[in-house]
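# Residue-level structural notes
So the chains spell out like this:
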Amino acid sequence: MIQLKSVREIDVMAEGGKILAATLQMLRREVKPGMSTLDLDAIAEEFIRSHPGATPAFKGLYGFPGSLCTSINQEIVHGIPSKKRVLRDGDVISIDAGIRFQGYFTDSATTVAVGTVDPETARLLAVTEESLAAGIAAAVPGNHLGDIGGAVQRVVEAAGFSVVRDLVGHGIGAEFHEEPQVPNYGKPKRGLKLVPGLTIAIEPMVNIGGPATRTLPDKWTIVTVDGSRSAHFEHTVAITETGNRVLTAA
Ligand code: MG
Ligand code: MG
């Protein structure tokens, strides 16, 4: 069942989203060669908990051990922070975080170049971020879920990259994962009609190579089958009467 939110509930989510945006901005500045993904996780957890009422949403969610998902290079999402995963110059790391604040969740992700990356990786980051912006622009009342996914897909495929189909965005609110699913592909005017009060996480996952994925033996980390690099950007967005409100914008 889809849980539409009141303006008051959306205001609370936006307050939490502000803390989450500040967390990711801080982490983007912290990323550097030589640090481990567990270092990043510790910094994130401390920062989130320093805001009264805010807790890291991922910690313990479905049994996940970290406050962040940290996914390097060919890892798409759900990488587990580890002391053994040390960032190197030229890597790319997706940092995905969620927080719970006054009973409501927000979810956001960014992908960061570690030091200097090759031009194709830099293009991957730019295109994935642009595809998220296109998806958000299509997230307005009267449009359908297919308009969001279709907008993401058009940007990605025009650039010669591929959209991951095995993983999708989602509704979010009092639960971290709510209905509906929000695919990053689709056709205009298809799927659920968007109405004010709908709150969704839009999160394109984009691969340089093919879209196929597999899960590593740790049962969490999802990687590209062909070993190509992947990027992930995400915002929590509320559909409003007049358009939308990005609740995790910096
Ligand atoms: Mg996320
Ligand atoms: Mg999400």
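One structure accompanies this document, and this report is about it.

Cut-off values and rules
Residues numbered from 1 in each chain as written. Chains lettered and ligands numbered in written order. Predicted model: local features only at pLDDT ≥ 70, side-chain atom pairs only at ≥ 80, totals over all residues. Heavy atoms only, no water. Donors = N, O, S within 2.8 Å, 3.2 Å for Na, K, Ca; no water. Helix = DSSP H or I, 4+ residues; strand = E, 2+ residues; numbered from the N terminus. Buried < 20%, exposed > 50% of the residue type's maximum accessible area, 1.4 Å probe, protein only. Contact = heavy atoms within 4.5 Å. Axes fitted to C-alpha atoms, helices over the stretch in contact; angles between N-to-C directions. Left-handed = near helix turned anticlockwise from the far one by under 90°. Nonpolar A, V, L, I, M, F, W, Y, C, P; charged D, E, K, R; others polar. Pairing = 2+ DSSP bridges.

To continue, consider the coordination of the magnesium ion (ligand 1). Ideal geometry at a metal gives 109.5 degrees between four tetrahedral donors and either 90 or 180 degrees between six octahedral ones. The coordination sphere of the magnesium ion (ligand 1), as far as protein atoms go, consists of D96 (OD), D96 (OD), D107 (OD) and E234 (OE), spread over 2.0 to 2.6 Å. Along the chain, the residues donating to the magnesium ion (ligand 1) are arranged with the sequence spacing D-x10-D-x126-E. Between the magnesium ion (ligand 1) and the magnesium ion (ligand 2) the interatomic distance amounts to 3.3 Å, and D107 serves as a bridging ligand to the pair. Highlighted residues: D107 in strand β5 (residues 104-113) and E234 in the loop between β13 (230-232) and β14 (235-239), separated in sequence by 127 residues. Comparing D107 with E234 shows no difference in burial state: the two are buried.

Let us now look at the environment of V112. Along the polypeptide, V112 turns up in strand β5. Here the alpha-carbon distance between V112 and I95, two residues 17 residues apart in the chain, equals 7.7 Å. Setting aside residues no more than four positions away along its own chain, V112 makes contact with R28, V31, D91, V92, I93, I95 and L125.

Interhelical geometry of helix α1 (residues 7-30) versus helix α2 (residues 37-49) gives an angle of 145° and a closest axis separation of 10 Å. Both α1 and α2 take part in a crossing whose hand is right-handed. Facing I19, A22, T23, M26, L27 and E30 of α1, the residues of α2 in contact are L40, I43, A44, F47 and I48. In terms of residue class, the contact of α1 with α2 is built from 9 nonpolar, 1 polar and 1 charged.

Burial along strand β9 (residues 199-202) is two-sided: the face carrying T199 and A201 and the face carrying I200 and I202 are both buried. Looking at chain direction, strand β7 (residues 169-171) and β9 are connected through 2 bridges and run antiparallel. Pairing of H170 across the sheet is with A201, part of β9. Sheet topology places β9 next to β14; 4 bridges connect them, and they run antiparallel. Its bridge partner being in β14, I202 is matched across the sheet by H235.

It is worth spelling out unusual backbone geometry at this point. Along the chain, E179 connects to P180 via a cis peptide bond; the corresponding omega equals 0°. You can see P180 is positioned in strand β8 (residues 178-182). The backbone of Q102 shows a phi angle near 45°, a positive value even though the residue is not glycine.

Take the coordination of the magnesium ion (ligand 2) next. Taken together, D107 (OD), H170 (NE2), E203 (OE) and E234 (OE) make up the full set of protein donors to the magnesium ion (ligand 2), lying 2.0 to 2.2 Å away. Here the donor residues of the magnesium ion (ligand 2) share one chain and are spaced in sequence as D-x62-H-x32-E-x30-E. Here D107 falls in the buried class, since its relative accessible area comes to 2%.

Ordered by their spatial adjacency, 3 strands build an open sheet running β6-β10-β13, and the pairing between neighbours is antiparallel. Strands at the two margins of the open sheet, each flanked by one partner only, are β6 (162-163) and β13. Judged from the 2 bridges that link them, β6 and strand β10 (residues 205-207) form a sheet pairing that is antiparallel. Bridge pairing in β10 links V163 to V206. Across the sheet, helix α3 (residues 119-137) lies against β10 and β13, angled at about 35° from β13, the strand it touches most.

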